[in-house]
2 protein chains.
Amino acid sequence: MTSSESGSRVLSARQQTAAPGAAAGNKRDAGAGAALGAAARLRVAVPSVADRVAAELRLQLAEGLLLPGARLTESTIAEDLGVSRNTVREAFAELAAERLVVRHPNRGVFVASLEPGDIHDVYAVRRAIEVSAIRGGGSPERVAAVRAAVEEGKAAAAADDEEGLGNANQHFHGAIVALAGSRRLDTIMAQVLAEMRLFFHKATLDAHFYRGWLADNEEICAALEAGDPGRAGDLLLAYLDRSEERQSAVHAE
Amino acid sequence: MTSSESGSRVLSARQQTAAPGAAAGNKRDAGAGAALGAAARLRVAVPSVADRVAAELRLQLAEGLLLPGARLTESTIAEDLGVSRNTVREAFAELAAERLVVRHPNRGVFVASLEPGDIHDVYAVRRAIEVSAIRGGGSPERVAAVRAAVEEGKAAAAADDEEGLGNANQHFHGAIVALAGSRRLDTIMAQVLAEMRLFFHKATLDAHFYRGWLADNEEICAALEAGDPGRAGDLLLAYLDRSEERQSAVHAE
DNA sequence: AAGTTCAGATTGTTCAACGATCCTTCAATC
DNA sequence: GATTGAAGGATCGTTGAACAATCTGAACTT
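- Chain A carries the name GntR family transcriptional regulator in an unreviewed UniProt entry, which gives Arthrobacter oryzae as its organism.

## Some details on the overall build of chain A
- Counting its secondary structure elements, chain A contains ten helices and three strands.
- Per-residue burial over chain A gives 41% buried out of 253 residues.
- Summarising the internal contacts of chain A: among those between residues at least 6 apart in sequence, 73% fall at separations of at least 24.
- Carbon and sulfur atoms make up 53% of the accessible area of chain A, which amounts to about 13000 Å² in all.

## Quick word on the side chain of Asp118(B)
- Within the element layout of this structure, Asp118(B) appears in helix α5 (residues 118-135).
- Non-local contacts of Asp118(B), meaning those with residues more than four positions away in its chain, are made with Arg183(A), Arg184(A) and Ser113(B).

## Quick look at the packing of aromatic side chains
Residues and elements named next belong to chain B.
- Applying the stated criterion across every chain yields a total of two aromatic pairs over all chains.
- Ring geometry for Phe199 against Phe200: centres 6.4 Å apart, planes inclined by 65°, an arrangement best described as edge-to-face.
- Owing to a relative accessible area of 12%, Phe200 belongs among the buried residues under this scheme.

## A look at the protein's contact with DNA strand C
- Not every one of the 22 residues close to DNA strand C is listed here, only the nearest: Val49(A), Asn86(A), Thr87(A), Arg107(A) and Arg89(B).
- Each atom of DNA strand C within 4 Å of the protein was classed as base or backbone; sugar and phosphate made up 74%.
- Residue Thr87(A) places a side-chain N or O atom 2.2 Å away from a phosphate oxygen belonging to DNA strand C.
- A distance of 2.2 Å separates a phosphate oxygen of DNA strand C from a polar atom in the side chain of Arg107(A).
- Elements with a contribution of two residues or more to the surface near DNA strand C: α4 (85-97) of chain A together with β1 (71-72) and α4 (85-97) of chain B.
- Counted by class, the surface near DNA strand C contains four nonpolar, nine polar and nine charged residues.

## Regarding a negative patch on the surface
Residues and elements named next belong to chain A.
- On the surface, Glu63, Asp160, Asp161, Glu162 and Glu163 cluster together into a negatively charged patch.
- Inspection of the secondary structure puts Asp161 in the loop between α6 (140-158) and α7 (162-178).
- Residue Asp161 is classed as partly exposed on the basis of its relative accessible area of 34%.

## Thoughts on α4(A)
Residues and elements named next belong to chain A.
- Here α4 spans 18 Å end to end across 13 residues, near enough to the 18 Å set by a 1.5 Å rise per residue.
- Among the residues of α4, those classed as buried are Thr87, Val88, Glu90, Ala91, Phe92, Ala93 and Leu95.
- Between the side-chain oxygen at the start of α4 and the backbone nitrogen of Asn86 there is a gap of 3.3 Å, and the oxygen is on Ser84.
- In the stretch just after α4, Arg99 is the one whose phi turns positive, near 65°.

## A word on the protein's contact with DNA strand D
- Neighbouring DNA strand D are 23 residues, the closest being Arg89(A), Val49(B), Asn86(B), Thr87(B) and Arg107(B).
- In the interface set of DNA strand D, defined as its atoms within 4 Å of the protein, sugar plus phosphate atoms amount to 74%.
- For DNA strand D, a sugar or linking oxygen lies 3.4 Å from a polar atom in the side chain of Arg71(A).
- At 2.4 Å from a phosphate oxygen of DNA strand D is found a main-chain nitrogen or oxygen belonging to Val49(B).
- Among the secondary structure elements, those contributing two or more residues to the surface near DNA strand D are β1 (71-72) and α4 of chain A together with α4 of chain B.
- Looking at the surface near DNA strand D, its residues break down into four nonpolar, ten polar and nine charged.

## Some words on the pairing of strand β3 (residues 108-111) of chain B
Residue and element names in this part refer to chain B.
- Both β1 and β3 contribute to a ladder of two bridges, which runs antiparallel. Following the sheet pairing, Arg71 is matched in β3 by Phe110.
- In the sheet, strand β2 (residues 101-104) pairs with β3 via four bridges, with the strands oriented antiparallel. Each bridged residue has a counterpart across the sheet, and for His104 the counterpart in β3 is Gly108.
- Between β2 and β3, which pair antiparallel in sequence order, lie three residues; one of them, Asn106, sits at a positive phi of approximately 65°.

Analysis parameters
Residues numbered from 1 in each chain as written. Chains lettered and ligands numbered in written order. Predicted model: local features only at pLDDT ≥ 70, side-chain atom pairs only at ≥ 80, totals over all residues. Heavy atoms only, no water. Helix = DSSP H or I, 4+ residues; strand = E, 2+ residues; numbered from the N terminus. Buried < 20%, exposed > 50% of the residue type's maximum accessible area, 1.4 Å probe, protein only. Contact = heavy atoms within 4.5 Å. Areas by Shrake-Rupley, 256 points an atom, 1.4 Å probe, with all protein chains shown as cover. Phe/Tyr/Trp six-rings, centres within 6.5 Å; stacked < 30°, edge-to-face > 60°. Near = heavy atom within 4 Å. Polar contact = N/O pair within 3.5 Å; in protein donor to acceptor, adjacent residues only side chain to side chain. Nonpolar A, V, L, I, M, F, W, Y, C, P; charged D, E, K, R; others polar. Patch = residues over 30% accessible without salt bridge, like charges linked within 9 Å, V, L, I, M, F, W, Y side chains within 5 Å. Salt bridge = Lys/Arg side-chain N within 4 Å of Asp/Glu carboxyl O. Lys, Arg positive; Asp, Glu negative; His and termini not counted. Charge placed at Lys NZ, Arg CZ, Asp CG, Glu CD. Expected span 1.5 Å × (residues − 1). Pairing = 2+ DSSP bridges.

Set out below in structure tokens:
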């Protein structure tokens, strides 16, 4: 079946950016070492097929359609998505670099599954990055982004939207890292959050714990707004310690 | 190109940099559908061809044979190394995930080159990770590893070995991050160090600056051994600030 | 000299194939 | 009956070739 019409047309739209008049007169990069702007690269960023495959798999991983330990067969995914095996393979390389899947030579790729030390490991990264970012303070608009995430969480709580609560919490911590204004820290944090989303997807925590998050976030944000990043950092550190303990307990059962 | 002789034996058994992940004693995979043997992970893994290609390129990048901005043509490398284009492509994906090369759609891959904000960005990551790790103290044997790196630097200084000095300094900072005992932090640090090695390879700093490093490292290590990680963290932070300033100045010219 | 067209080169993607490796099944042996 | 060992099948790793899409550079026109 050469996928005349495959049931799941996941890769549908070919997003062709026409880029009308915006083609700026870029200069020649004149050999090696020229700072050919990545800015220009960001404008015409057309995601390759492999990138779209990776994005699709990432989505399925985040939504819990693919559980940890599940096997991903190259040929199956290639057929399902209507792309070639080589392309799927490239997407796998991308996901493996993000630790979302692991490759077993000659056996295949599997959705990453949590090992005993991983919880502490992930929290070690979060402690390092988040606390460092929050202690540096941040511009008013970035603090405002943190505030926005807090309010998003409150709204989700009022609406009893459990998924919205989880998202809001991730936005909150993402906004904290964004305080530092570092692209690299942002991507590291995004990867860690993706890992956590994968691992703890169905680790349904009770509502009581969610309320705890909300109060913590509010207090941290308040300290930040009050111009006391040191205190905000201490609060955040305490929160992360508690959160790790909680997750360890939930996962140890 | 730099390869004068184009023998297909280029892929020799070089140093393999893969982190095998020595986590043992895992119990059962909670809720996973497929049985995922941990024993398979402990098996001696022969690096794939793509991994060897990536390792070879990484080596050439670290040694400065490939300068930032240089273009890497798929077909050329495939021929030089005696592998197929697809394999080279997979190696590129690996290196791109490590930020050592950048892909320009339909134009090719280029050795990553430093942009204005990148220096601050890299140092933001280092500040977060290194300071967090050193503030947590560390087991005696890990502190001993830091000490060993300090002594390695002294020995290189005594021998006027400039390259050895640089290596020792990287070992020193790597050992500091290793204090935290986190696999993820270690790999992040390794990537950052690889980036710096790439960017600042020919930024030959004068001997005076090297001496400054040595004194700093000694002082930081001493504070650590004296059981005062807080002070060690402050010293390290000050050092990183100075180092960033220095690198910015060198690169701004 | 400036703008347009066109051919060449390189990438992106697909396809088909082969050997290598692993898992499973099943028979043979002790 | 349990362990060993040999097919059998499935999947991966890698290759080589092919084609379309895109970019580059130079010739050509105005």
